[in-house]
Each structure stands twice: as C-alpha cells, then as structure tokens.
Amino acid sequence: PGWGNNELQYYRQENTTVDSGFLIITAKEEFINGFNYTSSRIKTQGMKSFKYGRIDVRAKLPYSQGYWPAIWMLGESITSLGWPYCGEIDIMELIGGFGFNDRTIYGTAHWHDGNNHAEYGGNSSLTTGTFNDEFHVFSIIWDSSQIKWLLDDNQYHVLNISNISAFHNNFFLIFNIAVGGIWPGNPNSTTVFPQSMFIDYVRIYQ
C-alpha cells in the first residue's frame, strides 16, 4: 500500500492491463484491505536499468483532485544505500486538480548532498486543455554533465550533475498512479473515478 507520502492507494496487479498496444494503469475508488482506493505501480528494477541516454515516454494522464501519476527513476543502489542517497529522477509528475494542476507537469531530481536531502525541480504547463485530452511525450536527456527535462521535445528544465555522484550510476524505471498524499491532497467530491494513465511507448536512446 502506498509508498510513503501519506498516499491512500493499495497497489494491485489487477489494476494494470495491456490493451490495443497501450499499457494502462487504472486508479479506482474501491475498498480493498482497509484502503478506499486501488491502483498499480510497475518497476523495471532487477530487469532493466540505464546509465545516461535519452528517455521518451508517450502517455496520456488522469485528471482531477487527488491524482498523482508519475513516470520516474530510482538508482539501483537503493537496496544498498537507501533513499535519497541512491538518487531519484522524476521524468514526469502531475498533481491533479481542476485548472492549473491538470495542465501542469513537473520534472525533479532528488539526491543527498552530503548533509541533507536535496532536490531541484521545474515545471511546464499547457496553454489550453489538460494532459488528459491527448497524448504527450515526456522526456529527459541525461549525460555525464546534466539532466534536461522536455515536454513534447521542448526543454523546460535542466540540472548540472557534474558534481552529484548519485546520477552517474544505473537507474530503473517506475510507472504509477498514487491517490492522495502530501503533495496532491486527498480526493474530494469533484474527483472523477476511475481514471487511467495510458502509456503508448517507452524509448531509450543511448
């Protein structure tokens, strides 16, 4: 259930399907094992990991209050070093909510700077509509000197990683929809259930 951050979902394999060429993760309002919401989290840990390259993910996202879809990465060293020492690269996060939130995505990096948890993030917003209206491509370009974040091939954020050791190791991919939590807040009477994240493709160029 959840993965910290006071999230409210219970993760189930049944909430993931592959249909018509899409990987579909669905969040539902249903009572399972003491939780009022269900969803799925998928990770490539132990199967596929990467160091540097361009990663493109074409996806369509859920909308409305309380949703927290994410396409992100963790360092393989999480099992030995823990978080945030392993490093985290958030390719895309959306904090659902009518208006600004449903049309804004975030790209963020997390690491340990020797003293504390450090993070550096940016965001990009659509001028009209939401990320639920159609598919968009969420990307990072990651090399030995920097990580760039892009939306539909337009850069909106960059981080110099030359002196951040966490980002010079292998990372694995994670796809999930959280419900509730510290950042998005809880669902309310305006929240639309069920909602899905549709993933068309994941492409890694090295």
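Residues numbered from 1 in each chain as written. Predicted model: local features only at pLDDT ≥ 70, side-chain atom pairs only at ≥ 80, totals over all residues. Heavy atoms only, no water.

K.L.:
What's the story with the side chain of Ser124 in this structure? I'm lost.
P.N.:
Structurally, Ser124 is set in strand 11 (residues 117–125). With a relative accessible area of 15%, Ser124 lands in the buried category. The residues touching Ser124, leaving out its near neighbours within four places in the chain, are Arg103, Thr104, Ile105, Phe131, Leu151 and Tyr156. (Helix = DSSP H or I, 4+ residues; strand = E, 2+ residues; numbered from the N terminus. Buried < 20%, exposed > 50% of the residue type's maximum accessible area, 1.4 Å probe, protein only. Contact = heavy atoms within 4.5 Å.)

K.L.:
What exactly am I supposed to notice about the packing of aromatic side chains here?
P.N.:
Centre distance and the angle of the planes are the two values used to describe a pair of aromatic rings. Per the stated rule, a full pass over the model turns up 13 aromatic pairs. Between Tyr106 and Trp183, the aromatic rings sit 5.0 Å apart at their centres with planes inclined by 55 degrees, giving tilted as the arrangement. Note that Tyr106 is positioned in strand 10 (residues 104–112) and Trp183 in the loop between strand 15 (171–179) and strand 16 (195–205), a separation of 77 residues in sequence. On the numbers, 6.0 Å between centres and 25 degrees between planes, the contact of Phe167 with Phe171 is stacked. Judged on exposure class, the residue Phe167 and its partner Phe171 are both buried. By way of ring pairs, the aromatic residues Tyr52, Trp111, Trp142, Phe167 and Phe171 are connected into one cluster. The ring of Tyr201 has Arg203 lying over it, and the distance from NZ or CZ to the ring centre is 3.6 Å. (Phe/Tyr/Trp six-rings, centres within 6.5 Å; stacked < 30°, edge-to-face > 60°. Lys NZ or Arg CZ within 6 Å of the ring centre and 35° of its normal.)

K.L.:
I keep staring at the nonpolar core and nothing clicks. Help me out?
P.N.:
Counting residues in each nonpolar core, the largest one holds 40 residues, and the members touching the most others are Phe138 and Phe167. In terms of residue count, the dominant contributor to this core is strand 15 (five residues). In contact with Phe138, not counting residues within four places along its chain, are Ile55, Asp56, Val57, Ala59, Leu61, Ile71, Ile91, Met92, Ile105, Phe131, Leu150 and Leu151. Among the nonpolar cores identified, the runner-up in size contains six residues, and Ala70, Leu74, Cys86 and Phe172 belong to it. (Core = buried A, V, L, I, M, F, W, Y, C linked by side-chain atoms within 4.5 Å.)

K.L.:
Just checking my understanding: could you explain the pairing of strand 15 for this structure?
P.N.:
In regular strands, side chains alternate between the two faces of the sheet. Among the nine residues of strand 15, nine are classified as buried, and the element is accordingly described as predominantly covered. Of the two faces of strand 15, both are covered, the one formed by Phe171, Leu173, Phe175, Ile177 and Val179 as well as the one formed by Phe172, Ile174, Asn176 and Ala178. Bridging between strand 5 (residues 41–43) and strand 15 involves three bridges; their strand directions are antiparallel. By the bridge assignment, Ile42 is partnered in strand 15 with Phe175. Pairing analysis gives two bridges linking strand 6 (residues 49–50) to strand 15, with the strands arranged antiparallel. Residue pairing in the sheet places Ser49 in a bridge with Phe172 of strand 15. Note: strand 8 (residues 67–75) against strand 15, nine bridges, orientation antiparallel. Looking at the pairing, Tyr67 lines up with Val179 of strand 15. (Pairing = 2+ DSSP bridges.)

K.L.:
In this structure, what is going on with the pairing of strand 12 (residues 136–142)? I would like to understand it.
P.N.:
Counting buried residues in strand 12 gives six out of seven residues, a clear majority hidden from the surface. Relative to strand 12, strand 7 (residues 53–60) is paired through seven bridges, and the arrangement is antiparallel. Note on strand 12: the bridge partner recorded for Val57 is Phe138. Pairing between strand 12 and strand 13 (residues 146–151): five bridges, direction antiparallel. Paired with Phe138 across the two strands is Leu151, which belongs to strand 13. If you look at the hairpin formed by strand 12 and strand 13, you'll find three residues sitting between the two strands.

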